[in-house]
Amino acid sequence: MLNKKQIRFCLDKMAEMFPEAKGELNHSNPFELVIAVLLSAQCTDKLVNKVTEKLFKKYKTPEDYLAVSLEELQDDIKSIGLYRNKAKNIRKLCQVLVDKYEGEVPRTKEELMTLAGVGRKTANVVASIAFNEPAIAVDTHVERVSKRLGICRWKDSVMEVEETLMKKVPREEWSITHHRMIFFGRYHCKARNPNCPECPLLEICREGQKRMKTRG
DNA sequence: AACTCGGGGCA
DNA sequence: TGCCCAGAGTT
């Protein structure tokens, strides 16, 4: 397993490779972040950005989403996959925000996970990035990168990956860790065809060295 | 743990 | 054309 210093090295290199990965702070408020991350499930970030750009001009508050019909909301996000379920979840979620939280987004991941369409990953993103709560979001990219590099074990569950990262990454870096590893995983350490030969982390990457060796 | 939802992007 | 994608919910 990599130690704290090696993990710090990895995160610094990722930041150099993708300087645009400064956290999802382009969303001006927690509410928009919840909607954006909910919509992003099984979609690429570019497509989501294209939709939210228009969406957030029309809808500012939970009440705004509840003021239109389900069909109208579905139509507004129609270019995104799974749009029917996502539109329904947004309405349910907004109704709960209005009824239980006075129109505000709750801070803790436990409360966030009770919202429709918000699972463990989305809850952790919102909690850590919007509220700086103690959490690190682990999605498929973060999980794969963590396992390849040797930050955690191959057989670890998502929760175990989370725990390991929180144990070995300095607290002040938790909110940014997710986004750094996302970019690195999405554009460099890809699921299918990772670019090991040009990887600045090759010297300490368990999986990378294995792949370079078997390639010949 | 396996399955389903789903339109757009990309090879 | 076919395959994959910043997951969540159900069984």
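Residues numbered from 1 in each chain as written. Chains lettered and ligands numbered in written order. Predicted model: local features only at pLDDT ≥ 70, side-chain atom pairs only at ≥ 80, totals over all residues. Heavy atoms only, no water.

Within an unreviewed UniProt entry, the label attached to chain A reads Endonuclease III, and the organism entered is Oceanobacillus caeni.

S.K.: What is the right way to read the protein's contact with DNA strand B from this model?
M.R.: Around DNA strand B, the neighbouring residues are Gln 42, Cys 43, Leu 47, Lys 50, Lys 78, Ser 79, Ile 80, Gly 81, Leu 82, Tyr 83, Arg 84 and Asn 85. If you look at DNA strand B and keep only atoms within 4 Å of the protein, 65% of those are sugar or phosphate atoms. Within the backbone of Leu 82, one N or O atom sits 3.1 Å away from a sugar or linking oxygen of DNA strand B. Elements represented by at least two residues in the surface near DNA strand B include exactly α3 (45–58) and α6 (83–101). For the surface near DNA strand B, the element with the most residues is α6, which contributes three residues. Residues of the surface near DNA strand B, tallied by class, amount to five nonpolar, four polar and three charged. (Near = heavy atom within 4 Å. Polar contact = N/O pair within 3.5 Å; in protein donor to acceptor, adjacent residues only side chain to side chain. Helix = DSSP H or I, 4+ residues; strand = E, 2+ residues; numbered from the N terminus. Nonpolar A, V, L, I, M, F, W, Y, C, P; charged D, E, K, R; others polar.)

S.K.: Looking at this structure, how should I read the protein's contact with DNA strand C?
M.R.: DNA strand C sits among 22 residues. The nearest are Gln 42, Thr 122, His 141, Ile 182 and Arg 186. Put simply, 61% of the atoms of DNA strand C that lie within 4 Å of the protein are in sugar or phosphate. At 2.9 Å, a backbone N or O of Gly 117 approaches a phosphate oxygen of DNA strand C. At 3.4 Å from a phosphate oxygen of DNA strand C is found a side-chain nitrogen or oxygen belonging to Thr 140. Mapped onto the surface near DNA strand C, the elements with two or more residues apiece are α8 (120–130), α9 (140–149) and α11 (174–187). Residue classes in the surface near DNA strand C are distributed as eight nonpolar, eight polar and six charged.

S.K.: How should unusual backbone geometry be read in this particular structure?
M.R.: Most of the time, phi is negative for any residue but glycine, and the peptide bond is trans. The phi angle at Gln 42 is positive, at roughly 60°, despite the residue not being glycine. Here Gln 42 shows up in the loop between α2 (30–39) and α3. According to the relative accessible area criterion, Gln 42 is exposed, its value standing at 78%. A positive phi is found at Asn 132, a non-glycine position, where the angle reads about 55°. Tracing the chain through its elements places Asn 132 in the loop between α8 and α9. By relative accessible area, Asn 132 is classed as partly exposed at 47%. (Buried < 20%, exposed > 50% of the residue type's maximum accessible area, 1.4 Å probe, protein only.)

S.K.: In this structure, what is going on with the layout of surface pockets? I would like to understand it.
M.R.: Taken as a whole, the largest pocket encloses approximately 910 Å³ of empty space. Lining the largest pocket are 33 residues, with Ser 40, Cys 43, Asp 45, Lys 121 and Ile 182 sitting closest to its centre. The set of elements that each furnish at least two residues to the lining of the largest pocket consists of α2, α3, α8, α9 and α11. Top contributing element to the lining of the largest pocket by residue count: α11, with six residues. Considering only residue class, the lining of the largest pocket consists of 10 nonpolar, 15 polar and eight charged. When residues of the lining of the largest pocket are assigned to domains, at least three fall in each of domain 1 (4–21 + 135–215) and domain 2 (30–130). (1 Å grid on protein atoms, 1.4 Å probe; cavity = no way out; pocket = protein on both sides within 12 Å on 5 of 7 lines; lining within 4 Å. Points joined across faces, edges and corners; volume = space filled by probe spheres on them. Domains from an automatic or database assignment.)

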